[in-house]
Amino acid sequence: MSDTHTTDVLIVGAGPVGLFAIFQCGMLGMRCHVVDALDAAGGQCTALYPEKPIYDIPGYPRIEAGALVDELVAQAAPFEPVYHLGQQVVALEKQAGGGFLAATNAGARIAARAVIVAAGAGAFGPNRPPLNDLETFEATGAVRYFVTRRADFAGKRVVVAGGGDSAVDWAVSLAEVAAHVAIVHRRDKFRAAPEMVSRLRGLAEAGKVEMVVPFQLSRLEGENGTLDTVIVKDLAGEERRLVADVLLPFYGLAMTLGPIADWGLGLERNHVLIDQATAETNVPGIFAVGDIATYPHKLKLILTGFAEAASAAHAIHPLVHPGEALHFEYSTTKGVPGAA
Ligand SMILES: Cc1cc2nc3c(=O)[nH]c(=O)nc-3n(C[C@H](O)[C@H](O)[C@H](O)COP(=O)(O)OP(=O)(O)OC[C@H]3O[C@@H](n4cnc5c(N)ncnc54)[C@H](O)[C@@H]3O)c2cc1C
């Protein structure tokens, strides 16, 4: 059976920004096919932190990342997007008559007038600490890089390592369920949201989180992948032993563009350069939005990506509906099929 499709807009990546791009394109009368390498929509929100609350989505004082994705999928649904999940877009070519032809590693071919690259961190993976027997401890889940269910840590002794947002957020969050939480960082200063850092320090003062600073991970002890002790060292080489069931190193994500690097797009340090006003790349008809897109003073936030998705949809409209005037309108039930 042929797996060939034709659509107005191909969206590469079903993270939060790719999902909102479906809505924005839909409001302007454009149909979308969306491809994502992961088995579920939601990008980093689903894969890395579904239960972490997000506090900076306008209109939601607090929403868990997984719930935000559910809302975005529901918001896009009236426009009947076609999802191709568990597939990576491996090739993207210009077509002679205009538009593009994309190919996935599962054999699908998708022809589109325009392409929105919403590929986030591309093929992302965690930065792993250089520790003994790491793979053995990873295989049993004693060393993990993501928290997908907080309940997995109930009653556990957890060592969190790192000084950024993820380390601080999870130390604060897991302190509610774990038997003990220690946070190891090589400095006393954390590079995280000030509000979360002061919550962390408050928990430390209350004896609910142990601050192990300035220390670095040194080695792991345990039998057959069951973690027993995390050994840390300070700059003078002084050791401390932290009894632990689980180690969560949060040393950031290693980002590789993967096949996107071969599509002729202007790049800057593993990101795709765009014109901030239109989100268009150096290749006419290919747009980039969200974490993967960059320009001077870019803020890597979900809300920034949402605005870029709106700009891209407006810039794409004349490519899909040439000669048709686009009158700017606010959202109304007229634009959303089935809305009451
Ligand atoms: C722990 C943590 C906490 C965070 N907290 C916040 C917060 O509170 N507020 C906030 O605004 N931001 C937060 N962020 C950042 C936020 O998650 C990102 O800004 C957001 O996910 C970017 O969305 P995106 O759609 O651009 O990309 P992503 O979410 O990265 O999604 C991109 C998708 O593209 C897919 N993809 C990549 N290449 C291909 C390909 N070739 N073919 C097919 N699919 C492909 C990937 O599989 C992925 O699903 C946080 C991030 C982390 C890690």
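Because the structure is a prediction, the values reported are computed rather than measured.

A. Structural detail: the UniProt feature "binding site: FAD" (unreviewed entry) in the protein. When the UniProt feature table is mapped to this numbering, "binding site: FAD" (unreviewed entry) covers Asp 36, Gln 44, Tyr 49, Val 89, Phe 124, Asp 291 and Thr 332. As for the second largest pocket, its lining draws on Thr 332 from among the annotated residues. By the secondary structure assignment, Val 89 is in strand 6 (residues 89-94). Beyond its immediate chain neighbours, meaning those up to four positions away, Val 89 contacts Val 12, Val 35, Ala 102, Ala 103, Thr 104, Pro 259 and Trp 263.

B. Molecular detail of the site of the ligand. Taken together, 30 residues surround the ligand, and among them Asp 36, Gln 44, Tyr 49, Asp 291 and Ile 302 come closest. Within the backbone of Pro 16, an N or O atom sits 3.4 Å from an oxygen atom of the ligand. Within the backbone of Ala 37, an N or O atom sits 3.1 Å from a nitrogen atom of the ligand. The fraction of the free accessible surface of the ligand (1,000 Å²) that becomes covered by protein chains is 91%. Counting only elements with at least two residues in the shell around the ligand, the list comes to helix 1 (16-27), strand 2 (32-36) and helix 2 (43-47).

C. Region of interest: the environment of Ile 286. Within the fold, Ile 286 resides in strand 20 (residues 286-288). When residues no more than four places from it in sequence are discounted, the contact partners of Ile 286 are Leu 92, Phe 100, Val 115, Val 117, Leu 265, Glu 280 and Thr 281.

D. Highlighting the side chain of His 317. Counting through the fold element by element, His 317 comes out in helix 7 (residues 302-320). Residue His 317 is classed as buried on the basis of its relative accessible area, which comes to 4%. Those residues in contact with His 317 that lie beyond four places of it in its chain are Leu 28, Met 30, Glu 324, Ala 325 and Leu 326.

Conventions used here
- Residues numbered from 1 in each chain as written.
- Predicted model: local features only at pLDDT ≥ 70, side-chain atom pairs only at ≥ 80, totals over all residues.
- Heavy atoms only, no water.
- UniProt positions renumbered as here; feature names shortened; annotations may be inferred.
- 1 Å grid on protein atoms, 1.4 Å probe; cavity = no way out; pocket = protein on both sides within 12 Å on 5 of 7 lines; lining within 4 Å.
- Helix = DSSP H or I, 4+ residues; strand = E, 2+ residues; numbered from the N terminus.
- Contact = heavy atoms within 4.5 Å.
- Near = heavy atom within 4 Å.
- Polar contact = N/O pair within 3.5 Å; in protein donor to acceptor, adjacent residues only side chain to side chain.
- Areas by Shrake-Rupley, 256 points an atom, 1.4 Å probe, with all protein chains shown as cover.
- Buried < 20%, exposed > 50% of the residue type's maximum accessible area, 1.4 Å probe, protein only.

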